[in-house]
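# Report on the structure
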Amino acid sequence: MKNILIIGGDMRFITVANMFSEDGFDVAVYGFKKSASFNKEISFPVTLEEAIEKCDAAVLPLPVTKNQITVSAPFGTNEIYIDDLLSLMGKKPIFCGMASREFKNSAKKFGVRLIDYFESEYLTVLNCVPTTEGAISIAIENTPFTLFGSKVLVLGFGRVGRHLSKTLCALGADTFVEARKVSDLAWISALGYGKVPLDTLNERLWEFDIIFNTVPKVILTADRLARLKKNCVIIDLASYPYGADVNFCRENKIKYILASSLPGKFAPQFAGKIIKETVCNMLIEEVQKNEI
């Protein structure tokens, strides 16, 4: 697979395109304006048909779409409709991030092979680094006190929760972590954090200065939000449906900051590098499968 097509995406995908080009691939970009940010060897097909005709594989954004109708292309001049794209791809593989059920169903209808690079452990683990740095930056900008000595709660002990807790603790924050699983609670204690079992959350919420949510489920219901101390800041790192009752926060002037997709906002070059490396590894696997 020599010809790679990048379709849509944010600043991260400039890095993806440039890195593929530097590795000797023939790279085309669709859904971006021409810019000096791209390597001079990269081409910009005029039409989607022209772009797809010449490619061996396409790389789509993370996430692929925000409305289930068009590909996410904030720097493009025209809408890129998902059905138009899929109808042209034929048997060529698409590498995409966070493919929704609707997108997968559409691909299946057109017989297009999807490979979701966001399911790669390599990408999801390394993405924790810019997510953590971005979350801490937001906390510093939105509080009148230092993280050092403040009492913070991390909701969830998945990949992001683990890395974030470690970093907060290293910065001197009095770090507590909520979890459901007994095994997670054991690790939380062993690593030196305060543990907050989910069934005790109601009684503990009033203690915290900052709450970071990493769980894509509404844990902070209206009843729980009413228990927060005055001026507590909530920083939500989760994807939809997020972790708090947004309307209750708005109506009661609770400082709630929706901060999903931080890698693309705070460290697009690093995040783009991870995506490129992940897709490249998957491309090699595809070639090897076809050769067997």
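Here, every reference points to the structure presented above.
Residues numbered from 1 in each chain as written. Predicted model: local features only at pLDDT ≥ 70, side-chain atom pairs only at ≥ 80, totals over all residues. Heavy atoms only, no water.

### With respect to the pairing of strand E8 (residues 194-197)
The alternating pattern of E8 places Gly194 and Val196 on a buried face, while none of Lys195 and Pro197, on the opposite face, is buried. Inspection of the sheet shows strand E7 (residues 174-179) paired to E8 by 4 bridges, in the parallel sense. When the bridges of E8 are listed, Val177 appears paired with Lys195. Note that the unit made of E7, helix H8 (residues 182-190) and E8 has a crossover that is right-handed. (Buried < 20%, exposed > 50% of the residue type's maximum accessible area, 1.4 Å probe, protein only. Helix = DSSP H or I, 4+ residues; strand = E, 2+ residues; numbered from the N terminus. Pairing = 2+ DSSP bridges. Right-handed = clockwise from strand over helix to strand, strands pointing away.)

### Focus on the sheet that holds strand E3 (residues 57-59)
As summarised here, the arrangement of the 5 strands in space is E2-E1-E3-E4-E5, forming an open sheet in which the pairing is parallel. The two strands at the open ends of the sheet, each matched to only one other strand, are strand E2 (26-30) and strand E5 (114-116). Mean inter-strand twist for the sheet, computed between neighbouring axes without regard to direction, equals 25 degrees. (Axes fitted to C-alpha atoms, helices over the stretch in contact; angles between N-to-C directions.)

### Regarding the packing of aromatic side chains
Given two aromatic rings, their pairing is described by the distance between the two centres and the angle made by the two planes. Within the structure shown, the criterion is met by 6 aromatic pairs. Aromatic side chains Phe32 and Phe38 sit 5.4 Å apart centroid to centroid with 80 degrees between the ring planes, which places their arrangement in the edge-to-face category. Given a relative accessible area of 10%, Phe32 falls into the buried group. When the ring of Phe176 is compared with that of Phe208, the centres are 5.6 Å apart and the planes differ by 65 degrees; the resulting orientation is edge-to-face. With Phe176 in strand E7 and Phe208 in the loop between helix H9 (201-204) and strand E9 (210-213), this residue pair connects regions lying 32 residues apart in the sequence. For Phe208, a relative accessible area of 0% gives the class buried. Every member of this aromatic cluster is reached through a ring pair, and the members are Phe32, Phe38, Phe44 and Phe75. Against the face of Phe20 rests Lys276, its NZ or CZ located 5.5 Å from the ring centre. (Phe/Tyr/Trp six-rings, centres within 6.5 Å; stacked < 30°, edge-to-face > 60°. Lys NZ or Arg CZ within 6 Å of the ring centre and 35° of its normal.)

### Regarding the pattern of salt bridges
One pass over the full model with this rule turns up 11 salt bridges. A salt bridge links Lys104 to Glu119; the nearest nitrogen and oxygen atoms lie 4.0 Å apart. Residue Lys104 is found in helix H4 (residues 101-110), and its partner Glu119 is found in the loop between E5 and helix H5 (121-126); the two are separated by 15 residues along the sequence. For Lys104, a relative accessible area of 40% puts it in the partly exposed group. Across the pair Arg162 and Asp184 runs a salt bridge, and its minimum N-O distance is 4.0 Å. Note that Arg162 is positioned in helix H7 (residues 159-170) and Asp184 in helix H8, a separation of 22 residues in sequence. The class for Arg162 is partly exposed, based on a relative accessible area of 45%. Residue Asp184 is classed as buried on the basis of its relative accessible area of 14%. Taken together, the shared-partner salt bridges in this structure form one network comprising Lys151, Arg204 and Glu207. (Salt bridge = Lys/Arg side-chain N within 4 Å of Asp/Glu carboxyl O.)

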